[in-house]
Amino acid sequence: MKQVKHWQDPVNALLGAWLIVAPWALGFHADLVVAGNYVLVGVLLVAAAVGAIVLPKAWEEWVEVALGLWLLASPWALGFADDSVPMENALFCGLLVVVLALWVLASDEDYSGWWERLIG
């Protein structure tokens with residue numbers, strides 16, 4: 001069995017799976033825009049995280065960062081910022097995804113060239 005390079009990638013895959021089921025688990029599945037956003041982002045996050053597990057590349061982490069940033073912006077972009085349950089869940093999951101992906105990008109010597117250029 002292949003050794004997982006970054007423990008953060010399986011966590012992001014689990015977050016993606018959570019996003020897929022969250023509309024039903026948290027009771028906002030009737031709002032098709034919000035639920036559709038959650039499912040789409042969840043599927044893309046699972047795909048990026050599984051890709052990062054199977055064949056680790058920096059671009060997969062950047063995709064995860066972009067998805068996390070979209071989750072952070074989506075309550076306002078899609079107009080559900082006044083609905084606390086999906087809004088708070090999107091903010092929590094989005095922040096966690098961004099932090100985990102940036103952690104990998106900053107800590108992996110194969111990926112950290114961008115970080116060295118930024119702070120150096």
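Up top you'll find the structure we're talking about.
Throughout what follows, the structure given in this document is the object of discussion.

Brief notes about the overall build of the protein
Of the regular secondary structure elements, the protein holds five helices and zero strands. Since a compact globule built from 120 residues should have a radius of gyration of about 14 Å, the 15 Å found for the protein is in line with a globular shape. Its C-alpha atoms put the protein at 45 × 35 × 15 Å along the principal axes. Looking at the protein as a whole, 39% of its 120 residues are labelled buried.

Regarding the packing of helix H1 (residues 8–25) against helix H2 (residues 32–54)
Relative orientation of the contacting elements H1 and H2 amounts to 160°, with a least axis distance of 7 Å. The pairing of H1 with H2 is recorded here as roughly antiparallel in orientation. The crossing of H1 and H2 is left-handed. Touching Asp 9, Pro 10, Asn 12, Ala 13, Leu 15, Gly 16, Ala 17, Leu 19, Ile 20, Ala 22, Pro 23 and Trp 24 of H1 are Ala 35, Tyr 38, Val 39, Val 41, Gly 42, Val 43, Leu 45, Val 46, Ala 49, Ala 52 and Ile 53, all from H2. For the contact of H1 with H2, the class distribution of residues is 19 nonpolar, three polar and one charged.

Brief notes about helix H3 (residues 58–77)
The end-to-end C-alpha separation of H3 is 27 Å, in line with the 28 Å expected for 20 residues at 1.5 Å each. The sharpest bend along H3 comes to roughly 30°, located at Leu 71, with the proline Pro 75 sitting one to four residues further on. Turning to H3, its buried residues are Glu 60, Glu 61, Glu 64, Val 65, Leu 67, Gly 68, Leu 71, Ser 74 and Pro 75. Those residues of H3 that are buried lie in contact with H1, H2 and helix H4 (84–107). Of the residues one or two after H3, Gly 79 is the one with positive phi, at around 80°.

A word on the side chain of His 6
Along the chain, the position of His 6 falls in the segment before H1. Owing to a relative accessible area of 7%, His 6 belongs among the buried residues under this scheme. Filtering out sequence-adjacent residues up to four positions away, His 6 remains in contact with Glu 61, Val 104, Asp 108 and Tyr 111.

Brief notes about the packing of aromatic side chains
All told, the structure shown has two aromatic pairs when counted by the stated rule. With a centroid separation of 5.0 Å and 90° between ring planes, the pair formed by Trp 7 and Trp 103 is classed as edge-to-face. Of this pair, Trp 7 sits in the segment before H1 while Trp 103 sits in helix H4; the two residues are 96 residues apart in sequence, bridging distant segments of the chain. Since its relative accessible area comes to 43%, Trp 103 is described here as partly exposed. Measuring from centroid to centroid gives 4.9 Å for Phe 28 and Tyr 38, while their planes differ by 65°, and the two rings are edge-to-face.

Thoughts on a nonpolar patch on the surface
On the surface, Trp 7, Leu 95, Val 99 and Trp 103 cluster together into a nonpolar patch covering about 430 Å² of accessible area. With respect to the helices and strands, Leu 95 occurs in helix H4.

Description of the side chain of Asp 9
With respect to the helices and strands, the residue Asp 9 is situated in helix H1. When residues no more than four places from it in sequence are discounted, the contact partners of Asp 9 are Ala 49, Ala 52, Ile 53, Glu 61 and Glu 64.

About the criteria used
- Residues numbered from 1 in each chain as written.
- Predicted model: local features only at pLDDT ≥ 70, side-chain atom pairs only at ≥ 80, totals over all residues.
- Heavy atoms only, no water.
- Helix = DSSP H or I, 4+ residues; strand = E, 2+ residues; numbered from the N terminus.
- Rg over C-alpha atoms; globule rule 2.2 N^0.38 Å.
- Buried < 20%, exposed > 50% of the residue type's maximum accessible area, 1.4 Å probe, protein only.
- Axes fitted to C-alpha atoms, helices over the stretch in contact; angles between N-to-C directions.
- Parallel < 35°, antiparallel > 145°, perpendicular 65-115°, else oblique.
- Left-handed = near helix turned anticlockwise from the far one by under 90°.
- Contact = heavy atoms within 4.5 Å.
- Nonpolar A, V, L, I, M, F, W, Y, C, P; charged D, E, K, R; others polar.
- Expected span 1.5 Å × (residues − 1).
- Bend = angle between axes of the 7 residues up to and from the residue.
- Phe/Tyr/Trp six-rings, centres within 6.5 Å; stacked < 30°, edge-to-face > 60°.
- Patch = residues over 30% accessible without salt bridge, like charges linked within 9 Å, V, L, I, M, F, W, Y side chains within 5 Å.
- Areas by Shrake-Rupley, 256 points an atom, 1.4 Å probe, with all protein chains shown as cover.
- Salt bridge = Lys/Arg side-chain N within 4 Å of Asp/Glu carboxyl O.

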